[in-house]
Amino acid sequence: MRIDVLGVGFDNLTMAEAVERGMELVRSPGPHYVVTPNPEIVEVCREDSGARAAVNGADLVLPDGIGVIKGAAMLGTPLKEKTPGIEFATHLMDKLAEEGKSLYLLGAKPGVAEQAGEKLAAAHPGLRIAGTHDGYFKEDGPVVEAIRQSGADVVFVCLGAPKQEKWMAENGAATGARLLCGLGGSLDVFAGVVERAPKFWSDHGLEWFYRLCKEPRRIGRMMKLPLFLIHVKQEKRRR
């Protein structure tokens, strides 16, 4: 049973359980895909039925960030813990490396995916980088075919929400991959282009504030967090 938070159903798993489930999907005939919604994406799903269908249609829906955790608790249906997409991906790559699986990186600006691939291959000995492609493409067909030709077991799809969720739902089967993971701006972090919040900030649920301090232009997107909490309170009263 998934836990419903404003129309998005989250799998109630610890990080270790989520990674193990991810590997079970990798070992099973595909396609499967993983999404990691934060409050901003939940708000997008409230307004976009296509995004909501793509998110809820995923094989694994993980709460990215403290906001979703707080929202679920306020609704009386607590989730075990937050499972940030970038951390899920890092633990998953450790397992993929152990089994000699291959990974395709899709997204970010030209050159970033290649840079991320080099760093990830060095950080996870045994992990095979099947290929890379930037996120600035107009037609899906050639990208899908490139992934299929690469024979990748797993694809990290970093196109931003809700584009990446819809892309995986529509194109997952055609890629031939076992598992696709929607991971937003993770390639920028893996490549070293963007710095992730220090552990203190993330441990205290303040990663969003750290990112806002670093990128003030994100203020418009960040305003969805208080809106999310308002909607949670309204939903609590309705229930």
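This text goes with the structure placed above it.
Quick caveat, the model's predicted, so the values are computed rather than measured. (Residues numbered from 1 in each chain as written. Predicted model: local features only at pLDDT ≥ 70, side-chain atom pairs only at ≥ 80, totals over all residues. Heavy atoms only, no water.)

1. Some remarks on the pairing of strand S8 (residues 179-182)
Turning to step 1, where the next piece is worked out: Residues Leu179 and Cys181 line one face of S8 and the alternating positions Leu180 and Gly182 line the opposite face, and both faces are buried.
Turning to step 2, where the next piece is worked out: The pairing of strand S7 (residues 154-158) with S8 spans 4 bridges and is parallel. Each bridged residue has a counterpart across the sheet, and for valine 157 the counterpart in S8 is glycine 182.
Turning to step 3, where the next piece is worked out: Taken together, S7, helix H8 (residues 163-175) and S8 constitute a β-α-β crossover, and its handedness is right-handed. (Buried < 20%, exposed > 50% of the residue type's maximum accessible area, 1.4 Å probe, protein only. Helix = DSSP H or I, 4+ residues; strand = E, 2+ residues; numbered from the N terminus. Pairing = 2+ DSSP bridges. Right-handed = clockwise from strand over helix to strand, strands pointing away.)

2. Considering unusual backbone geometry
Turning to step 1, where the next piece is worked out: In this structure, the amide linkage connecting glycine 30 to the following residue, proline 31, adopts the cis form with an omega of 0°.
Turning to step 2, where the next piece is worked out: Within the secondary structure, proline 31 sits in the loop between helix H1 (15-27) and strand S3 (32-35).
Turning to step 3, where the next piece is worked out: With omega at 0°, the peptide bond leading from alanine 161 into proline 162 counts as cis.
Turning to step 4, where the next piece is worked out: Among the structural elements, proline 162 can be located in the loop between S7 and H8.

3. Considerations on H1
Turning to step 1, where the next piece is worked out: With 13 residues, H1 ought to run about 18 Å at 1.5 Å a step, and its terminal C-alpha atoms sit 19 Å apart, in line with that.
Turning to step 2, where the next piece is worked out: Buried residues of H1: Met15, Ala18, Val19, Gly22, Met23, Leu25 and Val26, and no others. Along the long axis of H1, the arc covered by the buried residues comes to 155°, so they all point the same way.
Turning to step 3, where the next piece is worked out: Against S3, strand S4 (60-61), helix H5 (85-98), S7 and S8 lie the buried residues of H1. (Expected span 1.5 Å × (residues − 1). Arc of directions from axis to C-beta. Contact = heavy atoms within 4.5 Å.)

4. Re H8
Turning to step 1, where the next piece is worked out: At alanine 169, H8 is deflected by roughly 45°, the largest bend along its length.
Turning to step 2, where the next piece is worked out: Those residues of H8 that sit buried are Gln164, Glu165, Trp167, Met168, Asn171, Gly172 and Thr175. (Bend = angle between axes of the 7 residues up to and from the residue.)

5. A look at the environment of proline 125
Turning to step 1, where the next piece is worked out: Relative to the helices and strands, proline 125 is located in the loop between helix H6 (112-123) and strand S6 (128-133).
Turning to step 2, where the next piece is worked out: For the pair formed by proline 125 and glycine 100, sequence separation is 25 residues and the distance between their alpha carbons is 9.1 Å.

6. Quick notes on the nonpolar core
Turning to step 1, where the next piece is worked out: If you look at the biggest cluster of nonpolar residues, it comprises 37 residues, and the most contacted ones within it are Val5, Phe10, Leu106, Val155, Val157 and Trp167.
Turning to step 2, where the next piece is worked out: Ranked by residues supplied to this core, first place goes to helix H2 (residues 39-47) with 4 residues.
Turning to step 3, where the next piece is worked out: Each residue touching valine 157, except ones within four places of it in the same chain, is listed here: Leu106, Gln164, Trp167, Met168, Leu180, Cys181, Gly182, Leu183 and Gly184.
Turning to step 4, where the next piece is worked out: Formed by 33 residues, the second largest nonpolar core is a distinct cluster that contains Leu92, Leu103, Cys181 and Phe190. (Core = buried A, V, L, I, M, F, W, Y, C linked by side-chain atoms within 4.5 Å.)

7. A closer look at the side chain of glutamine 164
Turning to step 1, where the next piece is worked out: You can see glutamine 164 is positioned in helix H8.
Turning to step 2, where the next piece is worked out: With relative accessibility at 3%, the residue glutamine 164 sits in the buried group.

8. Quick look at the environment of serine 150
Turning to step 1, where the next piece is worked out: With respect to the helices and strands, the residue serine 150 is situated in helix H7 (residues 140-150).
Turning to step 2, where the next piece is worked out: A sequence separation of 18 residues divides serine 150 from threonine 132, and the C-alpha atoms of the two residues are 9.5 Å apart.
Turning to step 3, where the next piece is worked out: Ignoring anything within four residues of it in the chain, the contact list for serine 150 reads Tyr104 and Ala130.

9. Quick look at the packing of H2 against helix H3 (residues 49-56)
Turning to step 1, where the next piece is worked out: Interhelical geometry of H2 versus H3 gives an angle of 125° and a closest axis separation of 5 Å. In terms of their interaxial angle, H2 and H3 are classed as oblique. Here the hand of the crossing between H2 and H3 comes out left-handed. Here Ile41, Val44, Cys45, Arg46 and Glu47 of H2 lie close against H3, whose contacting residues are Ser49, Ala51, Arg52 and Val55.
Turning to step 2, where the next piece is worked out: Counted by class, the contact of H2 with H3 contains 5 nonpolar, 1 polar and 3 charged residues. (Axes fitted to C-alpha atoms, helices over the stretch in contact; angles between N-to-C directions. Parallel < 35°, antiparallel > 145°, perpendicular 65-115°, else oblique. Left-handed = near helix turned anticlockwise from the far one by under 90°. Nonpolar A, V, L, I, M, F, W, Y, C, P; charged D, E, K, R; others polar.)

By themselves, these observations are geometric and do not establish any function.
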